[in-house]
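These are the residues of each chain, in order.
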Amino acid sequence: MRVVTTAPARPARPELDVQPTPLALLLLGREADPRSERGVECPGDLPSPSDPDLVERARAAKEKLGDKVFVLGHHYQRDEVIQFADVTGDSFKLAKDAAARPEAEYIVFCGVHFMAESADILTSGTQKVVLPDLAAGCSMADMATAEQVAECWDVLTEAGIADRVVPVSYMNSSADIKAFTGKHGGTICTSSNAKRALEWAFEQGEQVLFLPDQHLGRNTAVRDMGMSLDDCVLYNPHKPNGGLTVEELRAAKMILWRGHCSVHGRFSVDSVNDVRERIPGVNVLVHPECKHEVVTAADYVGSTEYIIKTLDAAPAGSKWAIGTELNLVRRVANAHPDKEIVFLDKTVCFCSTMNRIDLPHLVWALESLAEGKLVNRIQVDEETEKFAKLALERMLALP
């Protein structure tokens, strides 16, 4: 006789009332936060990436717009996008280039959100800045929000040092952070002029709050200005008082914000050692957003423009390992077949948010503008623009 047993019924699971957080929605490309570097979903239907006519469609839309459109391409962009850029460069150079073209009604910025904000700040009120994909943000810029920085300033005030601290903010920051910097007597810097910006800041005060990239701040202070690592403290916005004592805050020359670039932060001393073993006689050239130990181990350190110029001037047959974003490394390697140019790390490392600007998004943006539809406009409010521009103008006035 076969006995069939029945397992006891399992108690019904209670329904979980799980609601996605605002951050989760943003990362999924839904909902909106105009104060965040993370974007929102793209309205309208994008062309298929497999559309064989994408290049011709982009060319036709750009031709139809004529002088009404000016396309900016950041060095880290894909080749498929760069081919349609009227100018290429780093974020500040591109913003200045846009301001120098007042006849262009539309500025299509193939970069990330903070770059488009800077272009809007520096261009005239009649020009409209467009970001082809609003989800093209910057993880570094997201690491310092207006609320966090205001709280930090309260901490410095309570420690009795706010009146002698001068904020210096990297160009890779949101308009809100640039405006905070302007309001509190500080300046903006790029990776090219960070030393000059810090020298100016120490003429105005005794201490510097450097936002949001700790590595550029530390490398500039220690490598370029002769300070010690002990002169620098790291302010963590996720800890009470930044994780620092009042004594540590008062003693520091450089108060570094706990932020970093997700691309440059990947490079390690092991990467440097490994490439030296694999390629005897190689020159290691890295961006100052890399960690201090990587910069110390490298042969040359400099901004994106410095990297390009160094490789342009390098002798034929020379060997180079480059520590920066992969799109740029591949582009300069292709431009110099007479030199051996490799990526510093074995792991592929694109800037994921920069790479959101692809050919389908660019085609969609250009075709929309050609049809008279303004899409994905980046517009900084007047109050924020006023103080952010003040900080930028201080940088432009640096000797």
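The rules behind each value
- Per chain, the residues get numbers from 1 upward, laid out in the order the sequence is written.
- This being a predicted model, a pLDDT of at least 70 is required before a residue's local features are given, and a value of 80 or more before pairs of side-chain atoms are given or counted; all residues contribute to the totals for chains, interfaces and linings.
- No hydrogens and no water enter the side-chain calculation; it runs on all heavy atoms of the structure.
- In DSSP terms, a helix is any run of H or I states spanning at least four residues, a strand is any run of E spanning at least two, and both are numbered starting from the N terminus.
- Contact criterion: two residues are considered in contact whenever any of their non-hydrogen atoms come within 4.5 Å of each other.
- The classification of residues rests on relative accessible area computed with a 1.4 Å probe and restricted to protein chains. Under 20% of the type maximum is buried, over 50% is exposed, and intermediate values are partly exposed.
- Between N or O atoms, a polar contact is any pair within 3.5 Å; within protein, one atom must be a potential hydrogen donor and the other a potential acceptor, and residues adjacent in sequence are included only when both atoms are from side chains.
- Think of a salt bridge as a Lys or Arg side-chain nitrogen and an Asp or Glu carboxyl oxygen that are within 4 Å of each other.
- Only when DSSP finds a minimum of two bridges between them are two strands counted as paired.
- For every element, the axis is a line fit to its C-alpha atoms; helices are fit only across the contacting stretch, and the angle between N-to-C directions ranges from 0 to 180 degrees.
- Pairing of aromatic side chains here covers Phe, Tyr and the six-membered ring of Trp, requires ring centres within 6.5 Å, and sorts the geometry by plane angle: under 30 degrees stacked, over 60 edge-to-face, intermediate tilted.
- Two limits define a charge over a ring: the Lys NZ or Arg CZ must be within 6 Å of the ring centre, and within 35 degrees of the ring normal.
- Nonpolar cores are built from buried Ala, Val, Leu, Ile, Met, Phe, Trp, Tyr and Cys residues. Side-chain atoms within 4.5 Å join them into one set.
- Per-residue confidence from the predictor is reported as pLDDT, a score between 0 and 100.

1. Comments concerning the side chain of T220
Working step 1: Tracing the backbone through its elements, the reader meets T220 in helix α10 (residues 214–224).
Working step 2: Ignoring anything within four residues of it in the chain, the contact list for T220 reads A194, K195, L198 and M225.

2. Some thoughts on unusual backbone geometry
Working step 1: Here the bond from L211 into P212 is cis, since omega is -20°, no more than 30 degrees from zero.
Working step 2: With respect to the helices and strands, the residue P212 is situated in the loop between β7 (207–211) and α10.
Working step 3: For N241, which is not glycine, the phi dihedral falls at a positive 55°.
Working step 4: Within the secondary structure, N241 sits in the loop between β8 (232–235) and α11 (246–251).
Working step 5: Exposure remark for N241: the relative accessible area of 39% places this residue in the partly exposed category.
Working step 6: Positive phi outside glycine occurs at N376, with the angle close to 50°.

3. Some remarks on the side chain of S303
Working step 1: Considering the arrangement of structural elements, one finds S303 in the loop between β11 (300–301) and α14 (304–313).
Working step 2: For S303, a relative accessible area of 6% gives the class buried.
Working step 3: At 3.0 Å, the side chain of S303 forms a polar contact with the side chain of S192.
Working step 4: Every residue in contact with S303, bar those within four places of it in the chain, is listed here: S191, S192, H287 and P288.

4. What to know about the pattern of salt bridges
Working step 1: Applying the stated criterion across every chain yields a total of 15 salt bridges.
Working step 2: A salt bridge links D97 to K93; its shortest N-O distance comes to 3.0 Å. Note that D97 and K93 are positioned in helix α4 (residues 91–99) at a spacing of 4 residues, about one turn of the helix.
Working step 3: Overall, K93 belongs to the partly exposed group, its relative accessible area being 32%.
Working step 4: With its nearest N and O atoms 3.1 Å apart, the salt bridge here joins R356 to D133. Here R356, found in the loop between β13 (340–343) and α16 (359–370), pairs with D133, found in the loop between β4 (128–130) and α6 (139–142); they are 223 residues apart in sequence, far enough to count as distant.
Working step 5: If you follow the salt bridges from partner to partner, you end up with D51, R57 and E367 in one network.

5. What about the sheet that holds strand β14 (residues 377–378)?
Sheets are built from strands that pair by backbone hydrogen bonding, the pairs being arranged parallel or antiparallel.
Working step 1: With respect to topology, 5 strands assemble into an open sheet ordered β2-β1-β3-β4-β14, the strand pairing being mixed. Among the strands making up the open sheet, the edge pair consists of β2 (87–89) and β14.

6. Focus: the sheet that holds β7
Working step 1: In space, the 5 strands of this open sheet follow the order β6-β5-β7-β9-β8, with parallel pairing throughout. Since the sheet does not close on itself, it has two edges, and those belong to β6 (187–189) and β8, each with one partner. Mean inter-strand twist for the sheet, computed between neighbouring axes without regard to direction, equals 25°.
Working step 2: By the bridge criterion, 3 bridges tie β7 to strand β9 (residues 254–257) in an arrangement that is parallel. Its bridge partner being in β9, F210 is matched across the sheet by L256.
Working step 3: Relative to strand β5 (residues 165–170), helix α8 (residues 175–183) is tilted by about 150°, and along the sheet it contacts β5, β6 and β7.

7. Details of the packing of aromatic side chains
Working step 1: The full count for this structure, using the stated rule, is 4 aromatic pairs.
Working step 2: Look at W153 and F180: their rings are 5.6 Å apart centre to centre, the planes differ by 80°, and that puts the pair in the edge-to-face class. Within this pair, whereas W153 is found in helix α7 (residues 146–158), its partner F180 is found in helix α8, the two being separated by 27 residues in sequence.
Working step 3: Take F180: its relative accessible area is 10%, and that puts it in the buried class.
Working step 4: Between Y300 and W320 the ring centres are 5.4 Å apart and the planes differ by 45°, which places this aromatic pair in the tilted class. Here Y300 is found in strand β11, whereas its partner W320 is found in strand β12 (residues 319–323), with 20 residues between them in sequence.
Working step 5: For Y300, a relative accessible area of 32% corresponds to the partly exposed category.
Working step 6: The exposure class assigned to W320 is buried, which follows from its relative accessible area of 5%.
Working step 7: Here K183 stacks its cationic end above the ring of F387, 5.3 Å away from the centre of that ring.

8. Some details on the nonpolar core
Working step 1: Within the largest apolar cluster, 107 residues are counted, with the highest numbers of intra-cluster contacts made by V108, F210, M254, V286 and L366.
Working step 2: Counting residues in each nonpolar core, the second largest holds 21 residues, with V155, F180, L211 and L244 among its members.

9. Here's the deal with helix α15 (residues 326–335)
Working step 1: Along α15, the positions that sit buried rather than exposed are L326, N327, L328, V329 and V332.
Working step 2: Elements that come into contact with the buried residues of α15 comprise α14, β12 and β13.
Working step 3: Between a side-chain oxygen at the N-terminus of α15 and the backbone nitrogen of N327 the separation is 2.7 Å; the capping residue is E325.

10. Description of α10
Working step 1: For α10, the buried fraction is high: 9 of the 11 residues fall into the buried class.
Working step 2: Within α10 the residues assigned to the buried category are Q214, H215, L216, G217, R218, N219, T220, A221 and V222.
Working step 3: Structurally, the start of α10 carries an N-cap: the backbone nitrogen of H215 is 3.3 Å from a side-chain oxygen of D213.
Working step 4: Just downstream of α10 lies G226, where phi reads positive at about 75°.

11. Here we look at the confidence of the model for the protein chain
Working step 1: When pLDDT is averaged across the protein chain, the result is 87; 88% of the residues are at 70 or more.
Working step 2: Predicted confidence for residues 1–32 stays below pLDDT 50, and this span has 15 contacts to residues more than four positions away or in other chains.
Working step 3: Every residue in residues 34–40 scores below 50 in pLDDT, and together they form 32 contacts with partners more than four places removed in sequence or on other chains.

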